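# An overview of the molecular structure
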Amino acid sequence: MSLVYAGVLSHAPGITGRADLVKNTAKRDEFYAKLDIQRQEIEASGAEALIVIAAEHFANFFMSNMPAYCIGIGSEYEGPIEDPEWLRIPKTKVPGAADLGTRLTREVMKTVDVAYAEEWKFDHGIMVPLHFLTPKYDLPIIPVNINCQGPPLTPLHRAWAFGEALRRACDSVPEKIAVVGTGGISHWPATPDSGKINEPWDREFLDRLMRNDREALLGYDDMQTYRDAGQGGFEIRTFIAIAAAAGGQGELQFYTAELPIFAVGCTVARFSLDKAA
Amino acid sequence: MSLYYLQKFLYQLNREESAQKKYRADLEQLLEEYDLTDEESNALREGDIGLLYVLGVNGQILMHYAAFLGIEWFDYLDLMREGIAKHGPVRAGVYAMTGGGESFTEEGKKQ
Ligand SMILES: [Fe+2]
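Throughout what follows, the structure given in this document is the object of discussion. (Residues numbered from 1 in each chain as written. Chains lettered and ligands numbered in written order. Predicted model: local features only at pLDDT ≥ 70, side-chain atom pairs only at ≥ 80, totals over all residues. Heavy atoms only, no water.)

Helix and strand content of chain B: seven helices and zero strands. Sequence-ordered secondary structure for chain B, helices as α and strands as β, is α-α-α-α-α-α-α. Here the C-alpha radius of gyration of chain B, 14 Å, is about what a compact globule of 111 residues would show, namely 13 Å. Looking at chain B residue by residue over its 111 residues, the buried ones come to 55%. Total accessible area on chain B is roughly 5500 Å²; 47% of this is exposed by carbon and sulfur atoms. Charge separation in chain B, taken as the distance between the mean sites of 11 positive and 19 negative side-chain charges, equals 3 Å. (Helix = DSSP H or I, 4+ residues; strand = E, 2+ residues; numbered from the N terminus. Rg over C-alpha atoms; globule rule 2.2 N^0.38 Å. Buried < 20%, exposed > 50% of the residue type's maximum accessible area, 1.4 Å probe, protein only. Areas by Shrake-Rupley, 256 points an atom, 1.4 Å probe, with all protein chains shown as cover. Lys, Arg positive; Asp, Glu negative; His and termini not counted. Charge placed at Lys NZ, Arg CZ, Asp CG, Glu CD.)

What follows covers unusual backbone geometry. Residue and element names in this part refer to chain A. In this structure, the amide linkage connecting glycine 79 to the following residue, proline 80, adopts the cis form with an omega of -5°. Within the secondary structure layout, proline 80 lies in the loop between strand S4 (76-79) and helix H3 (84-87). That bond from proline 151 to proline 152 is cis: its omega, 5°, falls within 30 degrees of zero. Mapping proline 152 onto the fold places it in the loop between strand S7 (141-146) and helix H6 (156-171).

Let us look at the coordination of the iron ion. Perfect tetrahedral coordination of a metal by four donors corresponds to 109.5 degrees between them, and perfect octahedral coordination by six donors corresponds to 90 or 180 degrees. Residue and element names in this part refer to chain A. Looking at the metal site, the iron ion is ligated by His11 (NE2), His57 (NE2) and Glu235 (OE), spaced 2.0 to 2.1 Å from it. In primary-sequence terms, the residues that donate to the iron ion follow H-x45-H-x177-E. Within this pair, whereas histidine 11 is found in the loop between strand S1 (2-9) and helix H1 (14-17), its partner histidine 57 is found in the loop between strand S2 (49-54) and strand S3 (69-72), the two being separated by 46 residues in sequence. Exposure class is identical for histidine 11 and histidine 57. Each is buried. (Donors = N, O, S within 2.8 Å, 3.2 Å for Na, K, Ca; no water.)

Turning our attention to the pairing of S4 of chain A. Residue and element names in this part refer to chain A. The side-chain alternation of S4 yields one buried face, formed by Tyr77 and Gly79, and one unburied face, formed by Glu76 and Glu78. Note: S4 against strand S5 (residues 92-95), four bridges, orientation antiparallel. Across the sheet, the residue bridging to glutamate 76 is proline 95, located in S5. (Pairing = 2+ DSSP bridges.)

Here we come to the packing of helix H6 (residues 59-68) of chain B against helix H7 (residues 73-87) of chain B. Residues and elements named next belong to chain B. Two elements in contact, H6 and H7, have axes separated by 11 Å at closest approach and are oriented at 130°. When the axis of H6 is compared with that of H7, the two are oblique. Remark: the crossing between H6 and H7 carries right-handed chirality. Contacts between H6 and H7 involve Gly59, Leu62, Met63 and Ala66 from the first element and Trp73, Tyr76 and Met80 from the second. For the contact of H6 with H7, the residue count by class is six nonpolar, one polar and no charged. (Axes fitted to C-alpha atoms, helices over the stretch in contact; angles between N-to-C directions. Parallel < 35°, antiparallel > 145°, perpendicular 65-115°, else oblique. Left-handed = near helix turned anticlockwise from the far one by under 90°. Contact = heavy atoms within 4.5 Å. Nonpolar A, V, L, I, M, F, W, Y, C, P; charged D, E, K, R; others polar.)

The interface of chain B with chain A comprises 34 residues on the first partner and 36 residues on the second. Each partner contributes to the roughly 3200 Å² buried at the junction of chain B and chain A, and carbon and sulfur atoms together form 62% of this total. Interface area lost by chain B to chain A is led by Arg15, Trp73 and Phe104 of chain B, which between them contribute 20%. Taken together, the links from chain B to chain A amount to zero salt bridges. Taken together, the connections running from chain B to chain A amount to 13 residue pairs in polar contact (both at pLDDT 80 or more). When contributions to the side of chain B that touches chain A are tallied by element, the ones reaching two or more residues are helix H1 (3-15), H6 and H7 of chain B. Counted by class, the side of chain B that touches chain A contains 16 nonpolar, ten polar and eight charged residues. (Buried area = accessible area lost by both parts, 1.4 Å probe. Salt bridge = Lys/Arg side-chain N within 4 Å of Asp/Glu carboxyl O. Polar contact = N/O pair within 3.5 Å; in protein donor to acceptor, adjacent residues only side chain to side chain.)

Moving on, we get to H6 of chain B. Residue and element names in this part refer to chain B. Counting buried positions along H6 gives ten out of ten residues, so the element sits mostly inside the fold. Where H6 begins, the capping side chain belongs to asparagine 58, and its oxygen is found 2.8 Å from the backbone nitrogen of glutamine 60. Remark: glycine 70 follows H6 within two positions and exhibits a positive phi of approximately 80°.

Moving on, we come to the packing of aromatic side chains. Two aromatic rings, taken as a pair, are described by how far apart their centres are and by the angle between their planes. Scanning all chains against the criterion turns up 19 aromatic pairs over all chains. Between tryptophan 201 of chain A and tyrosine 220 of chain A, the aromatic rings sit 5.1 Å apart at their centres with planes inclined by 50°, giving tilted as the arrangement. One end of the pair, tryptophan 201 of chain A, is in helix H7 (residues 199-210); the other, tyrosine 220 of chain A, is in the loop between helix H8 (214-217) and helix H9 (222-229), and 19 residues separate them in sequence. Ring geometry for tryptophan 73 of chain B against tyrosine 76 of chain B: centres 5.2 Å apart, planes inclined by 50°, an arrangement best described as tilted. Of this pair, tryptophan 73 of chain B and tyrosine 76 of chain B both sit in helix H7, three residues apart, roughly one helical turn. Note on tryptophan 73 of chain B: relative accessible area 8%, which makes it buried. Positioned over the ring face of tryptophan 73 of chain B is arginine 18 of chain A, at 3.4 Å from the centre of the ring. The ring of tryptophan 188 of chain A has lysine 196 of chain A lying over it, and the distance from NZ or CZ to the ring centre is 4.4 Å. (Phe/Tyr/Trp six-rings, centres within 6.5 Å; stacked < 30°, edge-to-face > 60°. Lys NZ or Arg CZ within 6 Å of the ring centre and 35° of its normal.)

A few words on the side chain of asparagine 14 of chain B. Looking at where asparagine 14 of chain B falls in the secondary structure, it is placed in helix H1. By relative accessible area, asparagine 14 of chain B is classed as buried at 5%. Ignoring any residue separated from it by four or fewer positions in sequence, one finds asparagine 14 of chain B in contact with Ile81 of chain A together with Gln20, Ile61, His64 and Tyr65 of chain B.

To continue, consider the side chain of aspartate 202 of chain A. All names here are of chain A. Inspection of the secondary structure puts aspartate 202 in helix H7. Although aspartate 202 lies buried, it forms no salt bridge, and the closest oppositely charged side chain, arginine 203, sits 7.8 Å away as judged by the N-O distance. If sequence neighbours within four positions are ignored, aspartate 202 has contacts with Ile185, Ser186, Ile197, Tyr255 and Gly265.

And the structure:
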């Protein structure tokens, strides 16, 4: 039928892996509750498959042959690649949507030269979202990657074009499809500065994102982002692609900078799919 | 300087159980497969997180490797800080330390 849900959420590995180290347990539980609402919303949308636009962390793609964009067209995936004790998510198989993924890829290719992959191992960037959004791993998943790790990175206006292409593709097939984008806003993960968050920068970005202000979102440049939002800030590409795919305004359901042990400003939001809204 | 192969070694180790088996059975043979300097090979033999961080291994690759080695979270952050104290700032890539090495989390502050 078309796209029936669009949202964004955080994916930092600490969200599951360091759950027990958190001192502010009330805030943590509020975050988890908001993620569960997102799960319910996706379920209520009747989605038959979930696209996860992720920014992976060297689980599949390396500088040997790095695609800017890739769509998974496998029938089954596995994850996490990380030590399951460390991530606190057991190794599991996740169903794919080979035929649907292939049809979407064909449609996206009309405007964006996307790569595709039949093999895909999920890292925390997808496993943490799935742990909350489809905890029984019974919803077919179509993984999508935007390279946010190994520069040169795709420019933001191309992430926008990719999001639009994905929307056109979703609207061209009979299935009901949900899409989430998962990234960090400002953060300095996997450095000694882990836990550093630029809250004013995050709030400004989220304001632009919720207004779905294309020009303002594409106004960031990577040098400034690196300085103000860290290398983790490059992951805004996934959020920008979702805004483009959704077309409508966003509604911020949760944001906090009060869980630095998770190494990111924790975010949950949904979007209106109505372009006129 | 073969940072590319150093990272490739860790990338493959992190994602492939077959590489993890080789690592445990015969690390020397696995190291042979990559074009590494002595400094890089030694850092891998010793699991020297601090040096690998300073050499410019992407932080995500290094974080997954530290988890593979079973290093606790706050120890892993401290090992990167110690690497910088010993070897100087990060030499390549985008995962540099921006501050003086202080902890940004209440939970990670030393008693
Ligand atoms: Fe990430």
